[in-house]
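Observations on the three-dimensional arrangement
Chain residues, written in single-letter form:
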Amino acid sequence: MSGKSDEQNPKAAPQREDRRGAPEGTMHPPARTMPSDHAIRVDSGHGADEPLRVPGERRQPMRGFEDTYTDIVDYIVRITHRIWEDQDVGYIYDTYSPGCRLHGDNGYSYGVEQLVDGTMQSINAFPDCRHYADDVIWAGDEDQGFVTSHRAINIGHHTGPWRWGPPTGRKLDTWVMANCVVRENEIYEEWVLYNTAAKLQQLGVNVVEAARTFGNEGGIAPLTARQFSEPQRLVGGRKPEALPLPTDGFDVERTVRALFHNVYNRRDLSMFDRVYADAVRWHGTTNRTGTNRSDVRGMARALLATFPDLGVAVDEVYWMGNEADGFSVSVRWSGVGTHRGYGLYGAPTGRRAQLWGMSQLYFSGGRIVEEWSLFNEFDVLAQLLADVPPAELG
């Protein structure tokens, strides 16, 4: 199977069941169209809405969307600008469904009012914050709905009060990621990670103490209230089987699923040598960075040392591109593990924690040459450090 999906062939798509984008163990969603090139993208230097900009013509069918938007990338970039930089917070009511499902650093919430409240609180703390879109990976169409993975750089100053104390005047410069499901001008499900620990570090807040406080104040959801896929690591007590890399040509989804399963479920760290370029550029949670695959492997090794029983499920994969130009891939994943080892977070607490994250992987010549990945690290710290007994955390 080549990198081009059958969904791009209108004659082939109806004849096959496709799990693309489906969490493990769930029903098959409708087949999803993957764009075969990067024609609709964030252009370099145009990561924010421009003053007095006159929209061009529609570049793709977008039934139900406002006429001002030319394509799905234009929609995501410009509604973000209008809500956050123009501070038209009420525009959320026009671009999110009333019952939208929201997955954040601290678990799951439901309904647009919580989103409006959280946005207003954040804008009050950072009123001059600018949001520059670094990239938007997308898939889908007007019939299936669109999925987008939006990575942005946030730059501003802390001049208003927030839950962690009075304004510090310090500069904020970090990045965030949000994955959305959109249909007819409304986002009805969103997963967003604000790189919270990195933000707190830059503003002089003790991340460990803040996480403990957050957990003690009831900020974390118990494991029993969290929505995530069950990792298929040890089925029936058997050893985890390896997923082979494709040998019949490059296949995006098979490669990504094999990478995550073999590394995090089978503990095969040699996958990094087979899938990543030697000089890969890596950007990780809490503003970690690296310039080679050893750095990426080191982070995976630290996670597995921290949570020795960690199991991970790939919940969603979509991409844009082709073998000649390369692929831009969005991956969303979740996992559960017990803090029984020394790695990232000090002495083992024996507590169970739920992890979930989003990655943007950039392939060239069949290898990953750049990666941007976030997971709910601040939430994980809160799950481990809260003074509430572990049994009450689920």
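Residues numbered from 1 in each chain as written. Predicted model: local features only at pLDDT ≥ 70, side-chain atom pairs only at ≥ 80, totals over all residues. Heavy atoms only, no water.

Taking an unreviewed UniProt entry as the reference, the chain is identified by name as Ester cyclase belonging to Saccharopolyspora gregorii.

1. Re the overall build of the chain
The line we're drawing: Secondary structure is summarised from DSSP: a helix means a run of H or I of at least four residues, a strand means a run of E of at least two, and numbering begins at the N terminus for each. When checking whether two residues touch, look at their non-hydrogen atoms; a contact exists if any pair is within 4.5 Å. In these tables, accessible area is a Shrake-Rupley quantity obtained with a 1.4 Å probe, and a residue counts as shielded only by the protein chains included in the view.
Helix and strand content of the chain: 9 helices and 12 strands. Across the chain, contacts joining residues at least 24 apart in sequence account for 65% of those joining residues at least 6 apart. Accessible surface, the chain: about 17,300 Å² in total, of which carbon and sulfur atoms supply 50%.

2. Topic: helix H3 (residues 112-125)
Convention followed: To estimate how far a helix should extend, the number of its residues minus one is multiplied by 1.5 Å. Accessibility here uses a 1.4 Å probe with only protein chains present; expressed as a share of the type maximum, an area under 20% marks a residue as buried, one over 50% as exposed, and anything in between as partly exposed.
Between its first and last C-alpha, H3 extends 20 Å over 14 residues, near the 20 Å set by a 1.5 Å rise per residue. Where H3 is concerned, the buried positions are Val112, Leu115, Val116, Thr119, Ile123 and Ala125.

3. Describing the pairing of strand E11 (residues 352-364)
The line we're drawing: Strands pair, by our definition, only if DSSP identifies at least two bridges between them.
For E11, the tally of buried residues reaches 11 of 13 residues, placing the bulk of the element in the interior. Looking at chain direction, strand E10 (residues 326-338) and E11 are connected through 12 bridges and run antiparallel. Looking at the pairing, serine 334 lines up with tryptophan 356 of E11. Counting the residues between successive antiparallel strands, the hairpin from E11 to strand E12 (residues 367-375) contains 2 residues, one of them, glycine 365, with a positive phi of roughly 60°.

4. Quick look at the pairing of strand E9 (residues 311-322)
Most of E9 is tucked away, with 12 of its 12 residues classed as buried. In textbook terms, the turn of a hairpin is the stretch between consecutive antiparallel strands, and for E9 and E10 this stretch comprises 3 residues.

5. Observations concerning the pattern of salt bridges
Put simply, the test is: For salt bridges, the criterion is a side-chain nitrogen of Lys or Arg within 4 Å of an Asp or Glu carboxyl oxygen.
Taken as a whole and assessed by the stated rule, the structure comprises 23 salt bridges. Residue arginine 293 is joined to aspartate 278 by a salt bridge in which the shortest nitrogen-to-oxygen separation is 3.8 Å. Taken together, the residues span a long stretch of sequence, with arginine 293 in helix H8 (residues 293-306) and aspartate 278 in strand E7 (residues 276-284) at a distance of 15 residues. If you follow the salt bridges from partner to partner, you end up with Arg63, Glu142, Asp143 and Glu184 in one network.

6. Considerations on unusual backbone geometry
A positive phi angle is found at glutamine 87, which is not glycine, with a value near 60°. Even without glycine at this site, asparagine 287 takes up a positive phi of about 60°. Structurally, asparagine 287 can be placed in the loop between E7 and strand E8 (288-290). Its relative accessible area of 30% is what places asparagine 287 among the partly exposed residues.

7. So, helix H5 (residues 207-216)
Three or four residues apart is the spacing at which side chains of an α-helix point the same way, because the helix has 3.6 residues per turn. Note the threshold: Throughout, the arc means the angular range of directions from the helix axis out to the C-beta atoms.
Within H5, the full set of buried residues consists of Val207, Ala210, Ala211, Phe214 and Gly215. For H5, the buried positions fall inside an angular range of 135° around the axis, keeping them on one side. Remark: glycine 218 follows H5 within two positions and exhibits a positive phi of approximately 85°.

8. Some words on the sheet that holds E12
To be explicit about the condition: What counts as an axis is a line fitted to C-alpha atoms, over the stretch in contact for a helix, and the angles between N-to-C directions run from 0 to 180 degrees.
Reading across from one edge, E8-E7-E12-E11-E10-E9 is the order of the 6 strands in this open sheet, with mixed pairing throughout. Of all strands in the sheet, those with a lone pairing partner are E8 and E9, marking the two edges. On average, each strand axis in the sheet is inclined to that of its neighbour by 15°, with strand direction left out of account. In this sheet, E12 lies alongside E11 in antiparallel orientation, the contact comprising 8 bridges. Bridging from a neighbouring strand, phenylalanine 363 pairs with isoleucine 368 of E12. Sheet strands touched by helix H6 (residues 252-264): E7, E9, E10, E11 and E12. Its angle to E9, the strand with the most contacts, is close to 155°. Packing against the sheet, helix H9 (residues 377-385) makes contact with E8, E11 and E12, and its axis sits at approximately 160° to E11.

9. Some thoughts on the sheet that holds strand E2 (residues 107-110)
Pairing is mixed in the open sheet, where 6 strands are placed in the order E2-E1-E6-E5-E4-E3. Two strands close off the open sheet at either side, each with one partner strand: E2 and strand E3 (130-141). Between one strand and the next, the sheet's axes are offset by a mean angle of 15°, whatever the strand orientation. Bridge count between strand E1 (residues 96-104) and strand E6 (residues 186-193): 4 bridges; the pairing is parallel. When the sheet's bridge partners are listed, histidine 103 is paired in E6 with tryptophan 191.

10. Re the packing of aromatic side chains
Definition in use: Within 6.5 Å between ring centres, the rings of Phe, Tyr and Trp (the latter by its six-membered ring) count as paired, and their orientation is classed by plane angle as stacked under 30 degrees, edge-to-face over 60, tilted in between. For a lysine, the NZ atom is tested; for an arginine, the CZ atom; a charge sits over a ring if that atom is within 6 Å of the ring centre and within 35 degrees of the ring normal.
This model, assessed by the stated rule, comprises 14 aromatic pairs. The structure contains a cluster of three or more aromatic residues connected by ring pairs, namely Phe65, Tyr69, Tyr75, Trp138 and Phe146. Residue placement shows arginine 82 over the ring face of tyrosine 91; its charged tip is 3.6 Å from the ring centre. The ring of tryptophan 372 carries the charged tip of arginine 151 above its face, separated from the ring centre by 4.0 Å.

11. Observations regarding empty space enclosed by the protein
What counts, and what does not: Only protein atoms enter the calculation, which uses a 1 Å grid: trapped sets of points that fit a 1.4 Å probe without letting it out are cavities, open sets showing protein on both sides within 12 Å along at least five of seven lines are pockets, and any residue with an atom within 4 Å of a point is a lining residue. Grid points are joined across faces, edges and corners, and a volume is the space filled by probe spheres set on the points. Following the grouping adopted for this structure description, the nonpolar residues are Ala, Val, Leu, Ile, Met, Phe, Trp, Tyr, Cys and Pro, the charged ones are Asp, Glu, Lys and Arg, and the polar ones are all others, Gly among them.
With the rule as written, the count across this model stands at 3 cavities of 30 Å³ or more. Space inside the largest cavity adds up to approximately 290 Å³. Looking at the lining of the largest cavity, the elements with two or more residues in it are H6, E7, H8, E11 and E12. Residues belonging to the lining of the largest cavity are distributed by class as follows: 16 nonpolar, 4 polar and 2 charged.

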